[in-house]
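Geometric and topological summary
Okay, here's what each chain looks like letter by letter:
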Amino acid sequence: MLPQERYKKLKEYLSVENPVLLDVIDKYKALDEIAYKVGLLEDTKTYTENISWWPMISILGTFSAGKSTFINEYLQEPIQQSGNQAVDDKFTVICYGNSDEVVTLPGLALDADPRFPFYNISEEVNKVDPGEGSRVNSYLQLKTLNSQKVKGKILIDSPGFDADSQRDAILKITSHIVEISDLVLIFFDARHPEPGAMRDTLKHLVGATIKHRDATKVLYILNQIDTTAKQDNLEDVMGSWQRALSQEGLVSGDFYGIYSEKSAEQIDDEALKERLKSKKDADLAKILDRMDKVSIERAYRIVKALDDFAKDIKEKQLPLLKDELDSWRSKVLISDMVIVSLLAGAGIFAHLNYGIGGDTNTLIGGGVGAFVLWLLAHNKLSSFFAKRASKKYASSNEELSRAILKNSTFMRSIFGISKKWYSKTVSKIDILIGESKETIQKLNDQYVSPSGATSSETNEG
């Protein structure tokens, strides 16, 4: 889907879901155009592809941690297989559908549709696990159901996580999910009270989230805490898991304990039963509240992403690009001086030793020949230095690598980057950053009213 068509589709979606965000599409389009000119973005791409426009809740966790049971009870529909033996071994994207029955579609439906968060994921999988991208159906599936619980949002259920047995493709998809989700629920199993034995798994699950710039969107959930009733050691078990998480670098975050009443073990001690139920009810209410409000968080995250993209260009990419192009130009100019000196020296040597260049025609011909040689050498060396600078970032910063090649033109090798071009680009980005703050204020008007006035009263004022 080309950028112009994607802008149109997104506007159609937002006009129904959240009209306040309609202007954001134009701001993304403006940022795309800046990135096209700078060379940081291919003209067939758009920054709108790098985020999910549908509110997205992802559910990750260890094997048999009760993820599927939790989803089924949330949806009030047995959409996912549950139990120790019957588990889904794929990432399952669950969204709203008009059919009265649950419809299951292959992973290709996600990989080929830009409306979904796994658009072109096969290409990303191929980068880390060559050849696996063609097997996208082995990793992904799409399920739709007619439920108000998923109307306007997307749920993602993941296969049980075991770091020792995961392929690079699974790890790549997991990282992708954490990056684009609005809410990430990570489930652990209270039936395994020795989390130290799962150190590698914890390292991957926790490590993928604690370094994220928006770590508050991650909830850590100890499921099936009803099993602690046997020894009456809920606090000990939860403390053990929290210590294990802290050893992997998690020093803060929301940690909850829940269980499914439908599949809970028999608890004869009424006081203990009530204490566990009270803990579960309180924590589950907080989790469901976050899930219900995910649409609000998505709206803010869309605007925040625009701000992040803009600041990344202004504060990181542009300065790096300028430094690399200045360095490239200096190398080219030094090479030019060496080449000119050599050509001049060769001309003087030929004239003094062989008398060449004594007449006007010979001088003109020699000058033209020297210019052609300089031009060929200049272009060759200019290309060499540009490619070498670009290659430095080929794996770590593909956008900058592309921009270096785009901007290493003949004119810039002579005159460099004009200060006006640089300051004008920064000025345009500053305008977009300011406008994104205005959009945040509009969103606040929908949900916040310190004065106690209604939104209509605020607008009239």
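An account of the accompanying structure is given in this report.

What counts and what doesn't
Residues numbered from 1 in each chain as written. Predicted model: local features only at pLDDT ≥ 70, side-chain atom pairs only at ≥ 80, totals over all residues. Heavy atoms only, no water. Helix = DSSP H or I, 4+ residues; strand = E, 2+ residues; numbered from the N terminus. Contact = heavy atoms within 4.5 Å. Areas by Shrake-Rupley, 256 points an atom, 1.4 Å probe, with all protein chains shown as cover. Buried < 20%, exposed > 50% of the residue type's maximum accessible area, 1.4 Å probe, protein only. Pairing = 2+ DSSP bridges. Phe/Tyr/Trp six-rings, centres within 6.5 Å; stacked < 30°, edge-to-face > 60°. Lys NZ or Arg CZ within 6 Å of the ring centre and 35° of its normal. Axes fitted to C-alpha atoms, helices over the stretch in contact; angles between N-to-C directions. Polar contact = N/O pair within 3.5 Å; in protein donor to acceptor, adjacent residues only side chain to side chain. Salt bridge = Lys/Arg side-chain N within 4 Å of Asp/Glu carboxyl O.

1. Here we look at the overall build of the protein
Scanning the protein from terminus to terminus reveals 15 helices and 8 strands. A sequence separation of at least 24 residues applies to 80% of the contacts in the protein between residues at least 6 apart. When the accessible surface of the protein is summed, it comes to about 23900 Å², and 53% of that surface belongs to carbon and sulfur atoms.

2. Focus on the pairing of strand β2 (residues 91-96)
Of all 6 residues in β2, 5 are buried; the element is thus mostly enclosed. Summarising the sheet, β2 and strand β4 (residues 140-145) pair through 6 bridges and their orientation is parallel. Residue pairing for β4: Y96 is matched across the bridge by L145. Inspection of the sheet shows β2 paired to strand β5 (residues 154-157) by 3 bridges, in the antiparallel sense. Note that in β5 the partner of V93 across the bridge is I156.

3. Observations concerning unusual backbone geometry
Here the phi dihedral of Q76 falls at roughly 55°; this positive angle occurs in a residue that is not glycine. Within the secondary structure, Q76 is located in the loop between α3 (67-75) and β2. For Q76, a relative accessible area of 69% translates into the label exposed. Phi at D232 takes a positive value of approximately 50°, unusual for a residue other than glycine. Under the relative-accessibility criterion, D232 is labelled partly exposed at 43%.

4. Focus on the packing of aromatic side chains
For any pair of aromatic rings, the description rests on two quantities: the centre-to-centre distance and the angle between the ring planes. Across all of its chains, the model carries 6 aromatic pairs by this definition. Residues Y28 and F309 carry aromatic rings whose centres are separated by 6.4 Å and whose planes lie at 70° to one another, so their mutual orientation is edge-to-face. Of this pair, Y28 sits in helix α2 (residues 22-38) while F309 sits in helix α10 (residues 294-354), placing them 281 residues apart in sequence. Above the plane of the ring of Y259 lies K280, whose end atom (NZ or CZ) is 5.6 Å from the centre.

5. What about the sheet that holds strand β1 (residues 56-61)?
Read from one edge to the other, the open sheet built from 8 strands follows the order β3-β4-β2-β5-β1-β6-β7-β8, with strand pairing classed as mixed. In the strand order of this sheet, the two ends are held by β3 (103-106) and β8 (254-258), each with one partner. Neighbouring strand axes in the sheet, compared pairwise and without regard to direction, differ in orientation by 20° on average. Bridging between strand β7 (residues 218-223) and β8 involves 5 bridges; their strand directions are parallel. Residue pairing in the sheet places Y220 in a bridge with F255 of β8. Sheet strands in contact with α3 are β1, β2, β4, β5, β6 (183-189) and β8, and its direction is about 155° off that of β5. Where helix α8 (residues 234-247) meets the sheet, it contacts β6, β7 and β8, and its direction lies at approximately 145° from that of β8.

6. Observations regarding α3
With 7 of 9 residues buried, α3 is to be regarded as a mostly interior element. For α3, the full list of buried residues reads K67, S68, F70, I71, N72, Y74 and L75. Among the residues trailing α3, Q76 stands out with phi positive, at a value near 55°.

7. Here we look at the side chain of S158
Within the element layout of this structure, S158 appears in the loop between β5 and α6 (168-180). At 2.9 Å, the side chain of S158 and the backbone oxygen of I59 are in polar contact. Once residues within four sequence positions are removed from consideration, S158 is found in contact with I59, L60, G61, K67, K90 and F91.

8. Regarding the pattern of salt bridges
In this structure the tally under the stated criterion is 22 salt bridges. We note a salt bridge from R275 to D232, for which the minimum N-O separation is 2.5 Å. Taken together, the residues span a long stretch of sequence, with R275 in helix α9 (residues 270-292) and D232 in the loop between β7 and α8 at a distance of 43 residues. Given a relative accessible area of 33%, R275 falls into the partly exposed group. Put simply, D182, R290, E297, R298 and R301 are held in one network by salt bridges that share partners.

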